[in-house]
Amino acid sequence: MPLKNYEMNKNNKKEFLDPVGKSVPRIDGRGLVTGQTKYVFDLKLSGMLVGKMLRSPHPHAKIISIDTKKAEKLPGVKAIITAKDTHGVKFGSNEFFFPQTADQQALEGDKVRYIGDELGAVAAVDEETADKALKLIDVKYEILPAVFDAVEAMKPGAPLIHEARNNIALILPTNFGNVERALKESDYVREDTFYLPSAAHTCMEPHVCVGQFEEFSDKVTLHVSTQAPFKIRETLAKCLKMDLNNVRVIKLAVGGGFGGKLEMLPMDFAACLLSKKAGGFPVKICYSRKEEFCFSRRKHPMIYKLKSGVKKDGTLMAISGEVIADGGGYCSYGPTVLAAAMMRIFMVYKITNFRVAGYRVYTNNPISGAIRGFGGVQSGFAIESHMDLLAQGIGMDPVEFRLKNITGPNMTVTNKMVITSNGLRECIEKATEACDWKNKHGKQKKIKRGLGIGIAADVMGSKMYKSHESAGSILKIEEDGSIHFLTGAADTGQGSNTALSQIAAQELGVSYGRIKITSADTAITPFDTGSFASRVTFISGNATKLAAADAKRQILEIIATEKNIPIESLDIKAEEIVNTSDNSVLMNFDQAVELCYSFNYGSQIIGRGSYNPKTTPVDFRTGEGNVSASYGFEAQIAKVEVNTDTGEVKVLKMWDAHDIGKAINPQSVKGQIEGSLFMGIGYTLWENLKFEEGRVVNANFANYRLPRSVSTCPVESILIETNDPQGPFGAKGMGEAALLPTAAAIANAVYDAVGVRIKELPITPEKILTALKNKNNKE
């Protein structure tokens, strides 16, 4: 049944009582399915101009001069900006902990470092005029030697892209215990190297923004498709040298983000500065699909080397290795991605001897940044494939091997992560039971079918970005009993507006139908770090629960005074104010609100909540730190069939058992799991953003392969509810974890089916056929 407006539903509110744990309709569902929801591209403002970015055609070059005179004379051109119009401020997405990674300017003026690097921008009356203006700008370059391979870039004598020695933007050393001694004490030691390609976010909605400068107030407003409006405001204010309260960022509906819309891009800055130079006319900049593929952000390609030792009984003794990440021309979220790719293992496995060095390397490829999983997809494939190989080496079932070595509840692991609730063991047991692992694993080779497992864990937010990670919420109880909920959290399609509204209604004790929400407007809503790191349900949810509790307290204080009853004996349940001492009903919620706004009280009910998780930043010199207040866990099983004549891998079914603490909205949870799985299947079997000399060569949906609807498979989602002690109503976030083990589960299933091990993604038919040929030759 579609969600009814509160005004249409005053006499039928009980259908939405106690909404936590129910699959209530999405609060924004009607607008989405009827096409009435507004996206940034839909904005049509008076006098709006079209903006276009001026980009470098070279991967590495010095900028000798930029001549805009001809373009300025073109009729219809209203503004042109280059680096000389900026303050020359450098920014970076991880600069709080890594100041040296603030390495990019909004517009480059001295040097370009990848094909597509931004030099300037134009605003004109239409797209055709803007394109003509770009062609009239004369840029003279001194071409410099370029390097496109991360390993080559680290060698002495390689072209220097920034000032970093050997082009290494960041080294993360992680060293615990005595690895060499533990390897010597191991009964079985093996080494493996895994290769992970780049990939694109492929959001349905490309990057788009509208910037407008108000001359009379010296304020700027940016409408933008983003996951983190407050983060963009912070960077925009820094680059424009403006106060935060003079910069307003408004997130409208978002057609997909997946990490690609987490940071300010030069286009956001350019739209605002062009508007200022054009006398305050709004400027819209929208990427083409080619620009989206070539010039936004991409997944970090990685080389992941592992050497590990185990005892005959399966005890994991030591892990050592090296991770090399191709970062492209600038740092972006590289430090966080690298750290996450290295440190997630401590959430999953009990390992005391660990030494892995990570290198985030500059190349003249396009910029690598955040993408769903933050390095966990790459590490998940490497580590979980490696774990299967270790188990195989000692003749142990891969499930039994994992059960012997996984973390459990209420423990502090080697690098000082503090795990409270942990349903990983139950996830593994439920998933393997559902797929009949004991009877089918290793026993279907005749029909070329196999089962594979991968396990993973993820954070509920991550203190890797700034000194705090707080979220705020406000609940305003209006005079008619309707509720206006304000949150800084950014719903990017995952349904957070709905889940947070459910939390608010549950804590306040009212119908979900009363809630109307305003979210992610930096001038109106409270601060929120953003939608990433699976943080919204946990962190923003706790802030919302606190705001609802505050509003409830204010209402109950007035009723306690009016009725001369101790406030401790009062509660709001199912739209009724209840005296808990005798379970009597004193009045309904509407009557309570009427009392609050009555002559004797006249009290506005405005609940406020702020939540900052009790975590500790990572010491990146050692790898120690408890970055999250809670951790989510999951186990995943893939069932595949391999055609040994064509090399085609077909995923027949996926099982996903997920520790989600408490499912606020079970339907949304399952939707997130399924979306993650299909994204993971795409990266495993098809996706590969390809480059030649720094240029993307498959920058369209015809040549960049993605899973289609016909490629999907049945998914069985198993929700494990561990009721986290710190989560709102026990809930955890879960937006990314289901993506992390998918590639390894499929690769392990391929091995189970036909006995070949693929260590480089994607798993293409050509790689399968080559591996089968090599296997047959050895036999």
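As the structure is a prediction and not an experimental result, all values here were calculated from the model.

> Can you tell me about the sheet that holds strand S20 (residues 449-459), naming the residues and giving the values?
The four strands are arranged S20-S28-S29-S32 in an open sheet whose pairing can be described as mixed. What marks the edges here is a single partner per strand, and that holds for S20 and strand S32 (715-720). Sheet twist, expressed as the mean angle between neighbouring strand axes with direction ignored, is 15 degrees. As paired strands, S20 and strand S28 (residues 631-642) are joined by eleven bridges and run antiparallel to one another.

> Give a description of the packing of aromatic side chains that names residues and reports values.
In this description, a pair of aromatic rings is defined by centroid distance and the angle of the planes. With the rule as written, the count across this model stands at 13 aromatic pairs. Through pairs of rings, three or more aromatic residues link up here, namely Phe96, Phe97, Phe98 and Phe620. Directly above the aromatic system of Phe41 lies the positively charged group of Lys284, at a separation of 4.7 Å from the ring centroid. Lying across the ring of Tyr683, Lys299 places its NZ or CZ 4.4 Å from the centre.

> Residue-level account of the packing of helix H18 (residues 666-685) against helix H19 (residues 742-754), with values.
Contact geometry of H18 with H19 gives a least axis separation of 8 Å together with a crossing angle of 55 degrees. Between H18 and H19, the interaxial angle falls into the category oblique. Two packed elements cross with a definite hand, and for H18 against H19 that hand is right-handed. In contact with Leu677, Gly680, Ile681, Thr684 and Leu685 of H18, H19 contributes Thr742, Ala743 and Ile746. By residue class, the composition of the contact of H18 with H19 is five nonpolar, three polar and no charged.

> Tell me about the pairing of strand S2 (residues 61-67), and please be specific about residues and values.
Pairing of S2 with strand S6 (residues 111-112) involves two bridges; the strand directions are antiparallel. The residue bridging Lys62 from the neighbouring strand is Lys111, located in S6. Strand direction decides the pairing type here: S2 and strand S8 (residues 138-143), joined by six bridges, are antiparallel. Counterpart to Asp67 in the pairing with S8 is Asp138.

About the cut-offs
- Residues numbered from 1 in each chain as written.
- Predicted model: local features only at pLDDT ≥ 70, side-chain atom pairs only at ≥ 80, totals over all residues.
- Heavy atoms only, no water.
- Pairing = 2+ DSSP bridges.
- Helix = DSSP H or I, 4+ residues; strand = E, 2+ residues; numbered from the N terminus.
- Axes fitted to C-alpha atoms, helices over the stretch in contact; angles between N-to-C directions.
- Phe/Tyr/Trp six-rings, centres within 6.5 Å; stacked < 30°, edge-to-face > 60°.
- Lys NZ or Arg CZ within 6 Å of the ring centre and 35° of its normal.
- Parallel < 35°, antiparallel > 145°, perpendicular 65-115°, else oblique.
- Left-handed = near helix turned anticlockwise from the far one by under 90°.
- Contact = heavy atoms within 4.5 Å.
- Nonpolar A, V, L, I, M, F, W, Y, C, P; charged D, E, K, R; others polar.

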